[in-house]
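Secondary and tertiary structure notes
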Amino acid sequence: MKHKNIIWDWNGTIINDAWLFVDIMNVFLTKRGLPLISLDDYKQHFCFPIQNYWRHLGFSFNERTFDKLNSDFIALYKKKLFKAKPHLGIKSFILKLNKLGYKQFVLSASADTILKKSINHYDFKKCFVRAYGVDNLNATGKIEVGKQLCKTHKLNMNKTVLIGDTEYDKRVADALGCSVFLLSYGHICRERLLPLNKPVFNNLEELFLSL
């Protein structure tokens, strides 16, 4: 085992929900007469901080009006939350890693309450030592929460890998001082992940060989 600890991202990495974000965003774009997006468009341009992505789509806002805009987005997302499903084979893959002795966690930019609700709904609770989300709806604070995760569980960062699907996950891993593996089937296309000079995998089978 090259690694003993695995920190999983949730949205896009475990849950196949990029298409759902596109569907909901198109509701907001339609209301404002802005051009609609496709899943390919989304994977080419989605980014953190999320305010930058909203501006890319043509929205104008200040800090106060963005909070309201994003809150409305999350409200609709909550209503449709469970239309998204886990990626095929991901749960059995995680259970297999548990049997092999890996300690596994979730670290998400989703609000902690939404994350815990999702984990319970999909019956993933027993898959992880613990799951950590952020304390806001704006997808900020993942690095700070990640540092607390590592401190609480006394993780050896040389034996820890973060598995995610975005450039943000790479930045989080760098801040935590651990390795990062990126999956190309989530919220960001492979062409944007490759320049990060970190391992990029198309599927779980490829990923397993590097763990």
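First, a word on what this report is: a plain description of the structure on this page. (Residues numbered from 1 in each chain as written. Predicted model: local features only at pLDDT ≥ 70, side-chain atom pairs only at ≥ 80, totals over all residues. Heavy atoms only, no water.)

1. Describing the nonpolar core
Core analysis: the largest hydrophobic core is formed by 78 residues, its most contacted members being Trp8, Trp10, Trp54, Phe124, Leu207 and Leu211. Beyond its immediate stretch of four places on either side in the chain, Trp54 contacts Met25, Phe28, Phe59, Phe61, Phe66, Leu69, Asn70 and Phe73. (Core = buried A, V, L, I, M, F, W, Y, C linked by side-chain atoms within 4.5 Å. Buried < 20%, exposed > 50% of the residue type's maximum accessible area, 1.4 Å probe, protein only. Contact = heavy atoms within 4.5 Å.)

2. Some words on the pairing of strand S5 (residues 130-134)
In terms of burial, S5 is largely enclosed, as four of its five residues are buried. Bridge count for strand S4 (residues 103-111) against S5 is four bridges, and the pairing is parallel. Looking across to S5, one finds that Phe105 is bridged to Arg130. With helix H6 (residues 112-121) bridging S4 and its parallel neighbour S5, the resulting β-α-β unit is right-handed. (Helix = DSSP H or I, 4+ residues; strand = E, 2+ residues; numbered from the N terminus. Pairing = 2+ DSSP bridges. Right-handed = clockwise from strand over helix to strand, strands pointing away.)

3. Thoughts on the side chain of Ser118
Its location among the elements puts Ser118 in helix H6. Here Ser118 falls in the buried class, since its relative accessible area comes to 4%.

4. Thoughts on the packing of helix H1 (residues 18-31) against helix H4 (residues 63-80)
The N-to-C vectors of H1 and H4 enclose an angle of 130°; their axes lie 10 Å apart at closest approach. As judged from the angle between their axes, H1 and H4 are oblique. Helix-helix and strand crossings are classified by hand; for H1 and H4 the assignment is right-handed. Along its contact with H1, which presents Leu20, Phe21, Ile24, Met25, Val27 and Phe28, the element H4 presents Leu69, Asp72, Phe73, Leu76, Tyr77 and Lys80. Residues belonging to the contact of H1 with H4 are distributed by class as follows: 10 nonpolar, no polar and two charged. (Axes fitted to C-alpha atoms, helices over the stretch in contact; angles between N-to-C directions. Parallel < 35°, antiparallel > 145°, perpendicular 65-115°, else oblique. Left-handed = near helix turned anticlockwise from the far one by under 90°. Nonpolar A, V, L, I, M, F, W, Y, C, P; charged D, E, K, R; others polar.)

5. Section: the pattern of salt bridges
Inspection of the entire model under this criterion finds seven salt bridges. Between Lys116 and Asp112 there is a salt bridge whose closest N-O contact spans 3.0 Å. Here Lys116 pairs with Asp112, and both are found in helix H6, just four residues apart, close to one helical turn. Overall, the relative accessible area of 29% leaves Lys116 in the partly exposed class. Salt-bridge contacts for Lys170 lead to Asp174; the nearest nitrogen and oxygen are separated by 2.7 Å. With Lys170 and Asp174 both in helix H8 (residues 167-176), this residue pair falls four residues apart, about one helical turn. Residue classification places Asp174 among the partly exposed residues on the basis of a relative accessible area of 40%. Through salt bridges with shared partners, a single ionic network connects Asp9, Lys142 and Asp169. (Salt bridge = Lys/Arg side-chain N within 4 Å of Asp/Glu carboxyl O.)

6. Let's talk about the packing of aromatic side chains
Per the counting criterion, the structure on display carries 20 aromatic pairs. With centroids separated by 5.8 Å and ring planes inclined at 90°, the aromatic side chains of Tyr42 and Tyr53 adopt a geometry described as edge-to-face. Taken together, the residues span a long stretch of sequence, with Tyr42 in helix H2 (residues 39-45) and Tyr53 in helix H3 (residues 50-56) at a distance of 11 residues. Of the residues examined, Tyr42 reaches a relative accessible area of 2% and is grouped as buried. Note that Lys31 overlies the ring of Phe28, its terminal NZ or CZ placed 5.5 Å from the centroid. Directly above the ring of Phe208 sits Lys96, whose terminal nitrogen or CZ lies 4.0 Å from the centroid. (Phe/Tyr/Trp six-rings, centres within 6.5 Å; stacked < 30°, edge-to-face > 60°. Lys NZ or Arg CZ within 6 Å of the ring centre and 35° of its normal.)

Keep in mind these values describe shape, not function.
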